[in-house]
Structure formats: structure tokens, C-alpha cells
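Each chain is listed here by its residues.
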Amino acid sequence: RTMRAIVDFQYDYFLEGDETKLRPMILKDIAQMINMDISTVSRVASSKTVQTDFGVFPLKYFFSEGIATDSGEEVSSREVKQIIKDLIVSEDKKKPLSDDKLEDLLNEKGYNIARRTVAKYREQLNIPVARLRKEMR
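Residues numbered from 1 in each chain as written. Predicted model: local features only at pLDDT ≥ 70, side-chain atom pairs only at ≥ 80, totals over all residues. Heavy atoms only, no water.

(A) Layout of helix H6 (residues 99-108). Those residues of H6 that fall on the buried side of the exposure criterion are Asp 99, Leu 102, Glu 103, Leu 105 and Leu 106. Along the long axis of H6, the arc covered by the buried residues comes to 165 degrees, so they all point the same way. Along its buried surface, H6 packs onto helix H5 (77-89) and helix H7 (115-124). (Buried < 20%, exposed > 50% of the residue type's maximum accessible area, 1.4 Å probe, protein only. Helix = DSSP H or I, 4+ residues; strand = E, 2+ residues; numbered from the N terminus. Arc of directions from axis to C-beta. Contact = heavy atoms within 4.5 Å.)

As C-alpha cells, then:
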């Protein structure tokens, strides 16, 4: 029942395997869909995997918090992390982007995100701070 609810909730992702199609989803969403307690869904999600056309994933993989956009919709934190990663890959290595600058760029793109959250996501991606990414040439 838990997996069926996850597939229903993340339907667009399961069609293509595009990580940016993952919607923000928390344990409570699935618990409400299947009329079970959050703790039950948590136990199931932390002990099971699912084989898809795109690989084998722990059920926990499909859960993520949401970030609000200017248009009021919620996007997955994974989408924001991918944008941060893309910005850092394409940055000028002589003048790497600070967390403040990354926050500004994300806000310009319509993502309402704080510098602290940018720093948290950057750390989760194992990307060092700007001064450690600086290359001298």
C-alpha cells in the first residue's frame, strides 16, 4: 500500500525517471493516503527498496521537503540542489560564487531560499565553500 501511494504521488517521476519531476513529499502525505500512522510509513520506508527502470532506490529516496517559489508552488529540495550544483559547475573558478551570491541567483530564478539553506544544501552535495573552490591561474 505504501509503495502504491508513493507511485501515485510521484507519478511523473516514474514515467521518465527525471529527478526534477520528484514532488515534495513527506511521510505524513503517504500516511494520510493509506490511512496509517506516520511511524508505520517511516518503518516501511526505512527498510525497503524498489527496483525501477532507472535503478534500485530505498523508499526514503522519494521523500523530500519542499521549497516555495514566487508563483506559490512547491518544488523538491532535489531540484534546488541540482540548480546549485549547475551554478557551481559553471562558475568562474577565479571568483567562485559565495553562498550569498547563490542565494541571490536562486531568488532571481523565483526560489524563495535563505543563505543558510543554500549552505546546508551545498554541504549535503559535498561542495566546499567558495574560498576553497577558488583556483589560481
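On we go.
(B) Just the packing of aromatic side chains, in detail. Taken as a whole and judged by the stated rule, the model has eight aromatic pairs. Plain terms: the ring middles of Phe 14 and Phe 62 are 5.1 Å apart, the flat faces sit at 35 degrees to each other, and that makes the pair tilted. With Phe 14 in helix H2 (residues 11-16) and Phe 62 in the loop between strand S2 (55-58) and strand S3 (66-68), the pair connects residues that are 48 residues apart, well separated along the chain. In this structure Phe 62 comes out as buried when scored by relative accessible area, which is 0%. Considering the side-chain rings of Phe 57 and Phe 62, the 5.9 Å spacing of their centres and the 70 degrees angle between planes classify their relative orientation as edge-to-face. Members of the aromatic cluster, connected to one another through ring pairs, are Tyr 13, Phe 14, Phe 54, Phe 57, Tyr 61 and Phe 62. For the cation-ring pair, Arg 23 lies above Phe 9, with the distance from its terminal atom to the ring centre recorded as 4.1 Å. Across the ring face of Tyr 61, the terminal group of Arg 78 is positioned such that the distance to the ring centre comes to 4.3 Å. (Phe/Tyr/Trp six-rings, centres within 6.5 Å; stacked < 30°, edge-to-face > 60°. Lys NZ or Arg CZ within 6 Å of the ring centre and 35° of its normal.)

(C) Highlighting the pairing of S2. Here strand S1 (residues 49-52) runs beside S2; their pairing, made up of four bridges, is antiparallel. Bridge pairing in S2 places Thr 52 opposite Gly 55. Here S1 folds back onto S2, and the loop between the two strands holds two residues. (Pairing = 2+ DSSP bridges.)

(D) Inspection of the environment of Gly 17 at higher detail. Here Gly 17 lies in the loop between H2 and helix H3 (27-34). Classification of Gly 17 by relative accessible area gives partly exposed; the value is 23%. Considered as a pair, Gly 17 and Pro 58 are 41 residues apart in the sequence and their alpha carbons are 15 Å apart.

(E) Up close: the pattern of salt bridges. Summed over all chains, the structure comprises seven salt bridges. Here Asp 99 and Arg 122 are joined by a salt bridge, their closest N and O atoms 2.8 Å apart. With a gap of 23 residues between them, Asp 99 in helix H6 and Arg 122 in helix H7 connect regions that are remote in the sequence. Comparing Asp 99 with Arg 122, the two get one shared label, buried. (Salt bridge = Lys/Arg side-chain N within 4 Å of Asp/Glu carboxyl O.)

(F) How the structure looks around the nonpolar core. Ile 6, Tyr 13, Met 25, Ile 30, Phe 62 and Phe 63 are the most contacted members of the largest nonpolar core, which totals 19 residues. Counting only elements with at least two residues in this core, the list comes to helix H1 (2-9), H2, H3 and helix H4 (38-47). The element contributing the most residues to this core is H1, with four residues. What Phe 62 contacts, discounting residues up to four positions off in sequence, is Ile 6, Gln 10, Tyr 13, Phe 14, Leu 22, Met 25, Val 50, Phe 57 and Arg 78. (Core = buried A, V, L, I, M, F, W, Y, C linked by side-chain atoms within 4.5 Å.)

(G) Spotlight on the packing of H1 against H3. Close contact between H1 and H3 brings their axes to 9 Å; oriented N to C, the two are set at 115 degrees. Relative to H3, the element H1 is oriented roughly perpendicular. Considering how the two elements wind past one another, H1 and H3 form a crossing that is right-handed. Within the contact between the two elements, H1 uses Thr 2, Ala 5, Ile 6, Asp 8 and Phe 9 and H3 uses Asp 29, Ile 30, Met 33 and Ile 34. Split by residue class, the contact of H1 with H3 holds six nonpolar, one polar and two charged. (Axes fitted to C-alpha atoms, helices over the stretch in contact; angles between N-to-C directions. Parallel < 35°, antiparallel > 145°, perpendicular 65-115°, else oblique. Left-handed = near helix turned anticlockwise from the far one by under 90°. Nonpolar A, V, L, I, M, F, W, Y, C, P; charged D, E, K, R; others polar.)

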